[in-house]
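Observations on the model geometry
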Amino acid sequence: MMSPNDLSATEVSVSVDGHAAASRVPSTRLLLDYLREDRGATAPKWGCGTGDCGACTVVLDGVALDSCLVYAAECDGSSVMTSAGLETTPVGIAATEELLAAGAVQCGICTPGFLVTIVSGVGDLGPSPTREQIVELLSGNVCRCTGYLPIIEAVQRLAARVNGG
C-alpha cells in the first residue's frame, strides 16, 4: 500500500469515460493498472503487457494506444475513453451491433481493444474501405478465437453505415 507521503508517488487527475478524479499513484504505475485497479475501469484487458496484442487499447486524448505502454503519471490532465465509454456513443453502438451481427465476438479478451480501435479509426476509412485498409487499422490488435474474417466483415459494414456508403 502506498503512503500519501511517498516521494515516488505523483498526483494525477484523469477523466475516465467522462468521470474525472484525482489520486496519487506510484510513478511507475501503468495506465492499464491505474484504470483497472484505481478507477475500476475493467474494460481494458491485460493481454501481453508489451503492446503487441491490443487488448488494453484505450483512447487517450483522442489517440488510440496500448495502455500497458503508458505510465499513469504521464496522463495528468488527460481524458481516457475505454470501450465501456465508447460503446455508448452512436459509432460505438453501431460498431457493437456490427461485431455481434458478424459473429466477431467470442472469448471477450480482445473485443474491448478491437472496439476501441475500430471506433477510433472507422471515420478515416471512408464508406468503402479496402481489405488492406481494414487490416492496417486492426494491425495492433490480436484475436486468438474468432479469426479476422468476421471482424473485417464487421468493419466493412460499419464503415458503410457510418461514413455514408
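The name given to the protein chain in an unreviewed UniProt entry is 2Fe-2S iron-sulfur cluster binding domain-containing protein, with Nocardioides cavernae as the source organism.

Side note on the packing of helix 3 (residues 90–101) against helix 4 (residues 111–121)
Contact geometry for helix 3 and helix 4: axes closest at 10 Å, N-to-C directions at 125 degrees. It follows that helix 3 is oblique to helix 4 by the angle criterion. In this structure, helix 3 meets helix 4 at a crossing whose hand is right-handed. Of helix 4, the residues touching helix 3 (which contributes Val91, Gly92, Ala95, Thr96 and Leu99) are Leu115, Ile118 and Val119. Looking at side-chain class alone, the contact of helix 3 with helix 4 contains six nonpolar, two polar and no charged residues.

A few points about the pairing of strand 3 (residues 57–60)
Taking every second residue as pointing to the same face, both faces of strand 3 are buried, with Thr57 and Val59 on one and Val58 and Leu60 on the other. Taken together, the four bridges between strand 3 and strand 4 (residues 63–66) define a ladder with antiparallel strand orientation. In the strand pairing of strand 4, Val58 is matched with Leu65. Here strand 3 hands over to strand 4 after two residues, with Asp61 in that stretch at a positive phi of 50 degrees.

Observations concerning the environment of Pro44
Residue position: Pro44 is located in the loop between helix 1 (31–38) and strand 3. Take Pro44: its relative accessible area is 2%, and that puts it in the buried class. Linking Pro44 and Ile109, residues 65 residues apart in sequence, is a C-alpha distance of 8.7 Å. When near neighbours in sequence (up to four residues on either side) are disregarded, Pro44 contacts Leu32, Leu35, Arg36, Ala55, Cys56, Val58, Ser67 and Thr82.

Regarding the pattern of salt bridges
Counted by the stated rule, this structure contains six salt bridges. The shortest N-O distance in the salt bridge between Arg29 and Glu37 comes to 3.0 Å. Glu97 is paired through a salt bridge with Arg161; the nearest N and O atoms lie 2.4 Å apart. Placement of the pair is Glu97 in helix 3 and Arg161 in helix 6 (residues 149–162), with a sequence separation of 64 residues. Owing to a relative accessible area of 39%, Glu97 belongs among the partly exposed residues under this scheme.

Let's talk about the environment of Arg36
Examined against the element boundaries, Arg36 turns out to sit in helix 1. Distance in space between the C-alpha atoms of Arg36 and Trp46 is 9.3 Å, their sequence separation being 10 residues. Not counting the four nearest positions on each side in its chain, Arg36 is found in contact with Ala41, Thr42, Pro44 and Lys45. A polar contact of 2.8 Å, which involves the side chain of Arg36, links it to the backbone oxygen of Thr42. At 2.8 Å, the side chain of Arg36 and the backbone oxygen of Pro44 are in polar contact.

What counts as what
Residues numbered from 1 in each chain as written. Predicted model: local features only at pLDDT ≥ 70, side-chain atom pairs only at ≥ 80, totals over all residues. Heavy atoms only, no water. Axes fitted to C-alpha atoms, helices over the stretch in contact; angles between N-to-C directions. Helix = DSSP H or I, 4+ residues; strand = E, 2+ residues; numbered from the N terminus. Parallel < 35°, antiparallel > 145°, perpendicular 65-115°, else oblique. Left-handed = near helix turned anticlockwise from the far one by under 90°. Contact = heavy atoms within 4.5 Å. Nonpolar A, V, L, I, M, F, W, Y, C, P; charged D, E, K, R; others polar. Buried < 20%, exposed > 50% of the residue type's maximum accessible area, 1.4 Å probe, protein only. Pairing = 2+ DSSP bridges. Salt bridge = Lys/Arg side-chain N within 4 Å of Asp/Glu carboxyl O. Polar contact = N/O pair within 3.5 Å; in protein donor to acceptor, adjacent residues only side chain to side chain.

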